[in-house]
Structures are given as structure tokens and as C-alpha cells.
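# Reading the structure
Given next are the chains, with one letter for each unit.
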Amino acid sequence: CSLLPFENDNDDDDDINNGYAHEPLLIDFASVGVGIGASDIAMHIPHAVHPTDLDNGGEEQLIQQYIQVFHDALPPHKRELYSKEEIVRHYQFATVDYFRFIVGRMWKGLNMDVFEKRRNLKNFAEFNRTLEAALAFIVRADKYLARIEEEMEQKSTDTNTCSNDKAL
């Protein structure tokens, strides 16, 4: 991770500097890429927040706070280009995708002995250190996967209905 100065020669372009032309920019070079911003949130939350803090609406409050800060940083005329609903949907997809990554890369050979060895190692994410956190991550991913499957089923039903209507 590095802090880099953000330089902008065009001080008149509010879309670029948004008043922060001289603020440092944090870049994590281990994962720089093109994609949806909600992926960063989906990866950050299970590493930075204890799973019980996400219960009882905690996760939703946290996501709404991220969305609010993001929209506040945008010029007013661009705030609806990436709606709150779309960000939440992308966050849910990204959470499932990150879970897929964790299962495939980090949980090979995982068992209770591994959890016990990692329990106090703060350089591991909570879901790699305790069974409770791993189960909470599984439940969150499953919840979002069910929503994705419902959405896909609805789109499939809508497509079939449209095809049947055309055939009539």
C-alpha cells in the first residue's frame, strides 16, 4: 500500500479534483484493477469488521454510509449515474464473488486445528481465524447468492413470457 500525492493541473475541473487536489491518494498495489467499486467494499468489510457488528442492520448501515460518502464526493449532476440500488446490487454480487475466491484459495484444508492455530494471528482476516466468523461469512454469501438466483430466475421467467407472447 502506498500514499501518493494526487496532482491535477486543471484546477477548474470539479469532476476530477472535487476540491481535493492536494489530498494524498491511497493505492493498494496488490489489487489494482478495473472493476466495480463495490468489490473493494465487499473485500474490505469482512477484513475490517467483526461479523457480529454486521448483524441487526449493521452491514446495511455501513453500506449506506459508504454510499453516502461516495455520492457526496461526486458532483451533484453525477450522483444518480451509479444509484444506491445498483451499488447495493453490485456489493452483493461482489460479496459472493469474494466468497468464491476465499473458498477456492484460502480455505483449502481448513479445519478446526487451522482455526485454532490462527485464532490470535491478527494478520489473518477474522473469517480465516474463527469458525464463527467463517460461518457468518458463509451465511452472508448464501443470502446474497439466493437473491442473485431469484433475480436470474425472474429474468428467465420474464424472457420466457416475452417469447411466448411473441409466439401467440
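In what follows, the structure referred to is the one given above.
Here the structure is a predicted model, which means the values were calculated and not measured.

Let us now look at the layout of surface pockets. Empty space among the atoms becomes visible once a probe the size of a water molecule is rolled across them. In this model, the second largest pocket occupies a volume close to 170 Å³. Along its surface, the second largest pocket is lined by Ser39, Met43, Ala94, Asp97, Tyr98, Arg100 and Phe101. Looking at the lining of the second largest pocket, the elements with two or more residues in it are α2 (38-48) and α4 (84-105). At 5 residues, the largest contribution of residues to the lining of the second largest pocket is made by α4. A per-class count over the lining of the second largest pocket returns 4 nonpolar, 1 polar and 2 charged.

The next thing to look at is unusual backbone geometry. Positive phi is not limited to glycine here, since Asn56 has a value of about 55 degrees. With respect to the helices and strands, Asn56 occurs in the loop between α2 and α3 (58-73).

On to the environment of Thr95. For Thr95, the position within the fold is in helix α4. Taking relative accessible area as the criterion, Thr95 reaches 0% and is therefore assigned buried. Note: C-alpha distance between Thr95 and Phe137 (42 residues apart in sequence) is 9.1 Å. Thr95 has contacts with Ala42, Phe137, Arg140 and Tyr144, leaving out every residue within four places of it along the chain.

Turning our eyes to something else, we now look at empty space enclosed by the protein. Scanning the model with the defined rule gives 1 cavity of 30 Å³ or more in all. Taken together, Pro46, Val49, Pro51, Leu54, Glu126, Phe127, Ala133, Ala136, Phe137 and Arg140 make up the lining of the largest cavity. No other element matches helix α6 (residues 131-167), which puts 4 residues into the lining of the largest cavity. For the lining of the largest cavity, the per-class residue count stands at 8 nonpolar, no polar and 2 charged.

Quick notes on the rules
- Residue indices follow the written sequence of each chain, beginning from 1 at its first position.
- Predicted model: local features are reported for residues with pLDDT of at least 70 only, side-chain atom pairs are reported and counted for 80 or more only, and whole-chain, interface and lining totals are derived from all residues.
- As a convention, hydrogens and water are excluded, and side-chain values are obtained from all of the structure's heavy atoms.
- Grid spacing is 1 Å over the protein atoms alone, the probe is 1.4 Å, and a cavity is where that probe fits but cannot get out, while a pocket is an open set with protein on both sides within 12 Å along at least five of seven lines and lining residues have an atom within 4 Å of a point.
- Grid points are joined across faces, edges and corners, and a volume is the space filled by probe spheres set on the points.
- Numbering of helices and strands runs from the N terminus; a helix is a DSSP stretch of H or I covering at least four residues, while a strand is a stretch of E covering at least two.
- The classification used treats Ala, Val, Leu, Ile, Met, Phe, Trp, Tyr, Cys and Pro as nonpolar, Asp, Glu, Lys and Arg as charged, and all other residues, Gly among them, as polar.
- Only protein chains enter the accessibility calculation, which uses a 1.4 Å probe; a residue is then buried when its area is under 20% of its type maximum, exposed when over 50%, and partly exposed in between.
- Throughout, a residue-residue contact means that at least one pair of heavy atoms, one from each residue, lies within 4.5 Å.

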